[in-house]
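# Fold and geometry: a report
Here is how the chains run, residue by residue.
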Amino acid sequence: MTLIAQPIQFDHSGNFNKLKNRLEHQVGKAIFDFNMIEEGDSVMVCLSGGKDSYTLLDILLTLRKRAPIDFRIVAMNLDQKQPGFPADILPGYLKALGVEYHIETQDTYSIVKEKIPEGKTTCSLCSRLRRGIIYKVAGELGANKIALGHHRDDMIETLFLNMFFAGKLKAMPPKLVTDKGDHIVIRPLAYCVEKDIARYARGMEFPIIPCNLCGSQENLQRQNIKEMLTNWERQYPGRSQTIFTAMQNVAPSHLLDGTLFDFKGMQMGQDVAEGDVVFD
Ligand code: SF4
């Protein structure tokens, strides 16, 4: 394991460089399409020690070097005091990388253990606490943007979770304003495929910290959805990308939400964008 990530070649055909270029292109495109980063921004990149956030930081640092705009990157890790969390790995990695960083230590693990009865799911309280701390730390560090490492497949999974369990046609936004309006959360990996990120993280030999230290079964429903999507992808290659394309191609006139489309006020002769064709 190396502390500083150096691009390595998987083979002599340059496959790894192709992968790297693809990820950089996709992150650059997401930043452009959603206007995620602007001149003078201060971006706090949340690092968990998992493959996604390492990849996010690494690619943002690369893109900053050739960006026509100037912006600050500060890496942040929240040490939640989970048993066995190797507290020296991230500081060692970040120091060697030479990036500005902050490690916030808050024992949310004990709070969660104390408040949630044994055997019940701890994730919702844990992530609520984590979110509050992340927003507070962003304020203290003077960051106006908070970058998270969610990728395309997280977004698709969230779409199905909301559909199946919350009765909502809603996924995970590439960009949002926090509840108090103080920060903007961005997801620059929005166009990146999880498999690519996993390959990239392996190739870069990021010092990955396991994500099951809390002992909780992370969101079983999400695991089920992931499995469903993996099976679909195996059976119908490309299906996940088609779903993701659909998420960027919404026709409110062909759904049933009266707040998005004025069905009541519909008049004859009115032009409806989608017309009456395509899988009616
Ligand atoms: S898996 Fe563990 S660390 Fe992650 S949200 Fe759930 S309780 Fe928190």
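Residues numbered from 1 in each chain as written. Predicted model: local features only at pLDDT ≥ 70, side-chain atom pairs only at ≥ 80, totals over all residues.

## What to know about the UniProt feature "short sequence motif: PP-loop motif" (unreviewed entry) in the chain
This chain's UniProt record puts "short sequence motif: PP-loop motif" (unreviewed entry) on residues 48-53. Helix makes up 50% of residues 48-53 and strand 0%, whereas the separation of the span's terminal C-alpha atoms amounts to 6 Å. (UniProt positions renumbered as here; feature names shortened; annotations may be inferred. Helix = DSSP H or I, 4+ residues; strand = E, 2+ residues; numbered from the N terminus.)

## Comments concerning the sheet that holds strand β3 (residues 101-105)
Sheet architecture is open: 6 strands sit in the order β3-β2-β1-β4-β6-β5, paired in mixed fashion. In the strand order of this sheet, the two ends are held by β3 and β5 (175-177), each with one partner. In this sheet, adjacent strand axes meet at a mean angle of 25° when their direction is disregarded. Of the pairings in the sheet, the one linking β5 to strand β6 (residues 184-186) comprises 3 bridges and is antiparallel in character. The partner of V177 across the bridge, within β6, is I184. Across the sheet, helix α5 (residues 123-140) touches β1 (42-46), β2 (72-79), β3 and β4 (145-147), and the angle it forms with β2 is around 145°. (Pairing = 2+ DSSP bridges. Axes fitted to C-alpha atoms, helices over the stretch in contact; angles between N-to-C directions. Contact = placed C-beta atoms within 7 Å.)

## Brief notes about the packing of helix α4 (residues 108-115) against α5
Angle between the axes and distance between the axes are the two parameters that describe a pair of packed helices. At a minimum axis separation of 10 Å, α4 and α5 run at an interaxial angle of 145°. Crossing of α4 against α5: the hand is right-handed. On the side of α4, the interface is formed by T108, I111, V112 and K115, while α5 contributes L125, C126, L129 and R130. Per-class residue counts for the contact of α4 with α5 are 5 nonpolar, 1 polar and 2 charged. (Left-handed = near helix turned anticlockwise from the far one by under 90°. Nonpolar A, V, L, I, M, F, W, Y, C, P; charged D, E, K, R; others polar.)

## With respect to the nonpolar core
Formed by 45 residues in total, the largest nonpolar core has its most connected members in M44, V45, C46, A75, M76, I146 and A147. Take this core: its biggest share by element is 5 residues, from helix α2 (residues 51-66). Not counting the four nearest positions on each side in its chain, A75 is found in contact with V45, L47, L57, L94, V99 and Y101. (Core = buried A, V, L, I, M, F, W, Y, C linked by C-beta atoms within 7 Å. Buried ≥ 20, exposed ≤ 12 C-beta atoms within 10 Å, placed from the backbone.)

## Observations concerning the pairing of β2
In terms of strand pairing, β1 meets β2 through 5 bridges, oriented parallel. Counterpart to M44 in the pairing with β2 is V74. In this sheet, β3 lies alongside β2 in parallel orientation, the contact comprising 5 bridges. Each residue of the ladder has a partner; that of A75, found in β3, is Y101. At this point the chain moves from β2, through helix α3 (residues 89-97), to the parallel β3, and the crossover so formed is right-handed. (Right-handed = clockwise from strand over helix to strand, strands pointing away.)

## Focus: the packing of α2 against helix α7 (residues 194-204)
Orientation of α2 relative to α7, taken along the N-to-C sense of each, is 75°, at an axis distance of 9 Å. For the element pair α2 / α7, the angle class is roughly perpendicular. Packed against α2, whose contacting residues are K51, D52, Y54, T55 and D58, the element α7 presents I197, A198, Y200, A201 and M204 at the interface. Split by residue class, the contact of α2 with α7 holds 6 nonpolar, 1 polar and 3 charged. (Parallel < 35°, antiparallel > 145°, perpendicular 65-115°, else oblique.)

## With respect to the environment of R199
With respect to the helices and strands, the residue R199 is situated in helix α7. Spatially, the C-alpha atom of R199 lies 32 Å from that of T178, the residues being 21 residues apart in sequence.

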